[in-house]
There are 2 protein chains.
Amino acid sequence: MAKASRSSRTKQRQAHPSKGPHSAKATRNTGQRRAVSPKDTPSRDSLSTEEKIMQAAKKLFTQNGFAATRTRDIANEAGINLALLNYYFRSKEKLFDIVMIDNFRQFIKGISIHLLDGATTMEQKIQRIVTAYIDFLNNNPDLPIFIINEIRGNTSKIAQQINEEVAPLRAHMFRQIQEAGRQGRITPIDPFHFIANLIGLTVFPFIGRPLLQRVTSTDDQQFRAFMEERKQLVPIWINAIMHAKSPLDRAR
Amino acid sequence: MAKASRSSRTKQRQAHPSKGPHSAKATRNTGQRRAVSPKDTPSRDSLSTEEKIMQAAKKLFTQNGFAATRTRDIANEAGINLALLNYYFRSKEKLFDIVMIDNFRQFIKGISIHLLDGATTMEQKIQRIVTAYIDFLNNNPDLPIFIINEIRGNTSKIAQQINEEVAPLRAHMFRQIQEAGRQGRITPIDPFHFIANLIGLTVFPFIGRPLLQRVTSTDDQQFRAFMEERKQLVPIWINAIMHAKSPLDRAR
DNA sequence: AAATTTTTTAATCAAATGATTAAATTACGA
DNA sequence: TCGTAATTTAATCATTTGATTAAAAAATTT
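Residues numbered from 1 in each chain as written. Chains lettered and ligands numbered in written order. Predicted model: local features only at pLDDT ≥ 70, side-chain atom pairs only at ≥ 80, totals over all residues. Heavy atoms only, no water.

## Things to note about the overall build of chain A
Note the following rule: Runs of H or I in DSSP of at least four residues are treated as helices and runs of E of at least two as strands, each being numbered from the N terminus. Only protein chains enter the area calculation, which uses a 1.4 Å probe; residues under 20% of their type maximum are buried, those over 50% are exposed, and those in between are partly exposed. Whether two residues are in contact is decided by their heavy atoms, any of which lying within 4.5 Å being enough. Under the convention used here, a 1.4 Å probe and the Shrake-Rupley method define accessible areas, while residue burial counts only the protein chains that appear.
On a plain count of helices and strands, chain A comes out with 13 helices and zero strands. Reading the helices (α) and strands (β) of chain A from amino to carboxyl end gives α-α-α-α-α-α-α-α-α-α-α-α-α. When the 252 residues of chain A are sorted by exposure, 45% land in the buried category. When contacts within chain A are restricted to residue pairs at least 6 apart in sequence, those whose partners lie at least 24 apart make up 69%. Just so you have it, chain A exposes about 13,300 Å², and 49% of that area is on carbon and sulfur atoms.

What follows is the structure in structure tokens.
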């Protein structure tokens, strides 16, 4: 009798997990099941369990990556019971996928709106991108290294994401760079170099922050001051680079 | 009787591991115990077990970091029995420390010899550093991201290493940059920016390689060609940056 | 208010992981 | 060649990890 009762409960339990992750995804995307708290920054107490898990997972996965983050770490960070991770997200890996895709989207979003703005010159675009990114990365310093680490090992999921989100930007931006080169406004340069330089000068200091700080004996306050300076300096440098005489073929 | 015999063997076994790591270190540093093979690139068959482990560990730790690399992975890669890792290196962590310090030393070595060369101008230094680093990183593409990942979580071991190895370089280089600024040969710039830009333009493309390749639809062959171009372009860009007019205070 | 569903809890599980053990094998020295 | 030391092997261990389970508690529906 007692065993029969347990058996029926077991069946109900097993039926649910297969629904859990789907409903979790739907909830995340639409926010329908739980209205957003009236406050702009909901405190942890007003978050659903699912939201708590997402916050904790995002923080720890972004900082430490997949392998070095344990489900117990996330549960502790979220202040919830360990079993709830599987209840809501079914597996560590599926939870990670959600975090990864969201992180990537966040990273790209900052650049899209400026790049696609047809009313601005290229110089203005660079200035806006640099400023927006430095501000963004001051608040999300772990994001670039996370993206870079994940894209190294994860060839299919992000690859598709990148192609969907970046393809329109790429075409637009490439046209603009090559047109400027043709008109002689800048030294002709392959868009690869332009992107590598823009990201290298804007984002790299955040990626290499601990190393740079140690190599140059720079404390946190100084680092922040330097990054503020770079909001003005990087566009100037990019401009200088684009006008530097190049020994390479003009045929490129 | 049989038990007594086992007991004596157990004691001998336990006494050895405490010696193992020390002798392993001594061997690594001096190469005394096993002469280097006459061939420049020793094949795996001519390597000692210890060397096989070191090679495998270096490859896998450098690619994947500590948490995502299992001792079994290293043993398989080295083609040896799993227990030998503890026999020779006592623990996964100690093995990792050796790899980490060696990697770091390698990364820094490429820059030291050029920076400390008193017979070259700053322009020549930059050219040599850029060329040497791009050549080096073509053959060790995982190294920068490894260094950057490890320095984020490891505040004491590498910090000391950095201070010991970099301090002399720092003073020397800072003096040279500030002297050039004082003499009006370049726009005055804080050494932080100089270092961030030099590494950002030289090393970052390797760090961000998969991302850059995807964003710009660049295949491996094209990437290599671009890095060859950058051997010439980066020094030119650095030079342009150093001569760009700055809106910042001259008091800096 | 009772029935049902959903969420939470704490214990447990199965597999993986770094490490240890004891015996076998190989290498070295007398 | 024998005795001893060093190395290697395969099994085992103790702990950790992601995941599962069953019961309790809370929330929702009737």
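## Quick notes on the interface of chain B and chain A
This is how the line gets drawn: Note on definitions: buried area is the accessible-area loss of two parts on being combined, 1.4 Å probe, summed for both. A carboxyl oxygen of Asp or Glu within 4 Å of a side-chain nitrogen of Lys or Arg is what we treat as a salt bridge. Two N or O atoms count as a polar contact when they lie within 3.5 Å, although within protein this holds only if one can serve as hydrogen donor and the other as acceptor, and sequence-adjacent residues are included solely when both atoms are side-chain atoms.
Across the boundary between the two partners, chain B contributes 55 residues, which contact 55 residues of chain A. Among the residues chain B hides against chain A, the three largest losses belong to R152, F192 and R214 of chain B. Together they make up 14% of the total. One salt bridge connects D142 of chain B with R152 of chain A, and the closest N-O pair in it is separated by 2.9 Å. Counting the contacts that link chain B with chain A gives 11 residue pairs in polar contact (both at pLDDT 80 or more). When residues of the side of chain B that touches chain A are traced back to their parent elements, those giving at least two are α8 (143–153), α9 (157–182), α10 (191–202), α11 (204–207), α12 (209–215) and α13 (220–243) of chain B. It is α13 of chain B that provides the largest number of residues to the side of chain B that touches chain A, a total of 10 residues.

## Thoughts on the packing of aromatic side chains
Residue and element names in this part refer to chain A. Counted only if it meets this: Working definition: a ring pair exists when centres of Phe, Tyr or Trp rings (six-membered ring for Trp) sit within 6.5 Å. Plane angles under 30 degrees give stacked, over 60 give edge-to-face, the rest tilted.
In this structure the tally under the stated criterion is 21 aromatic pairs over all chains. Between F66 and F96, the aromatic rings sit 5.2 Å apart at their centres with planes inclined by 70 degrees, giving edge-to-face as the arrangement. On the criterion of sequence distance, the pair formed by F66 in the loop between α3 (49–64) and α4 (71–78) and F96 in helix α6 (residues 92–115) is long-range, its members being 30 residues apart. With 5.9 Å between their ring centres and 80 degrees between their planes, F206 and F223 make a pair best called edge-to-face. With F206 in helix α11 (residues 204–207) and F223 in helix α13 (residues 220–243), this pair connects stretches of sequence that are 17 residues apart. The pair F206 / F223 is uniform in exposure class, with both members buried. Three or more aromatic residues joined by ring pairs form one cluster here, namely F61, F66, F96 and F146.

## Section: the side chain of T216 of chain B
Its location among the elements puts T216 of chain B in the loop between α12 and α13. For T216 of chain B, the side chain forms a polar contact with the side chain of T218 of chain B, separated by 2.7 Å. Residues in contact with T216 of chain B, not counting those within four places in the same chain, are R170, F174, F192 and I195 of chain A.

## Some thoughts on the relation of the copies chain B and chain A
Put simply, the test is: When the copies are superposed, the least-squares fit takes in the C-alpha atoms of residues with a pLDDT of at least 70 in both.
At an RMSD of 0.1 Å, chain B and chain A line up after a rotation of 180 degrees and a shift of 0.0 Å along the axis. Interpreted geometrically, this transformation is the action of a two-fold axis. Residue G200 of chain B of chain B places its C-alpha closer to the rotation axis than any other residue of that unit, at 2.3 Å.

## A few points about the nonpolar core
The cut-off we apply is this: We call a set of buried residues a nonpolar core when its members are Ala, Val, Leu, Ile, Met, Phe, Trp, Tyr or Cys and they connect through side-chain atoms within 4.5 Å of each other.
Ranked by internal contacts, the top residues of the largest apolar core, which has 144 residues, are I74, L95 and F194 of chain A together with I74, L95 and F194 of chain B. If sequence neighbours within four positions are ignored, I74 of chain B has contacts with I53, A56, A57, L60, F61, T69, L85 and L95 of chain B.

## Here we look at helix α8 (residues 143–153) of chain A
A large share of α8 of chain A lies buried, amounting to eight of its 11 residues. When α8 of chain A is considered as a whole, its buried residues turn out to be L143, P144, I145, F146, I147, I148, E150 and I151 of chain A.

## Concerning the confidence of the model for chain A
The condition that has to hold: Known as pLDDT, the predictor's confidence for each residue is given on a scale from 0 to 100.
Taken as a whole, chain A shows an average pLDDT of 79; of its residues, 79% reach a score of 70 or greater. Across residues 1–41 of chain A, where pLDDT falls below 50, the model places 27 contacts with residues more than four positions away in sequence or in other chains.

## Things to note about the packing of helix α7 (residues 122–139) of chain A against helix α10 (residues 191–202) of chain A
Residues and elements named next belong to chain A. Filter applied, for reference: Axis definition: a line fit to C-alpha positions, over the contact stretch in the case of helices; interaxial angles, taken between N-to-C directions, run 0 to 180 degrees. Our angle categories are set so that under 35 degrees counts as roughly parallel, over 145 as roughly antiparallel, 65 to 115 as roughly perpendicular, and the remainder as oblique. Crossings are sorted by hand: turned counterclockwise from the far helix by less than a right angle, the near helix makes the crossing left-handed, and turned clockwise it makes it right-handed.
At a minimum axis distance of 10 Å, the contact between α7 and α10 shows a crossing angle of 40 degrees. Relative to α10, the element α7 lies oblique. Both α7 and α10 take part in a crossing whose hand is right-handed. Across the interface between the two elements, I126, I129, V130, Y133 and I134 from α7 touch F194, L198 and T202 from α10.

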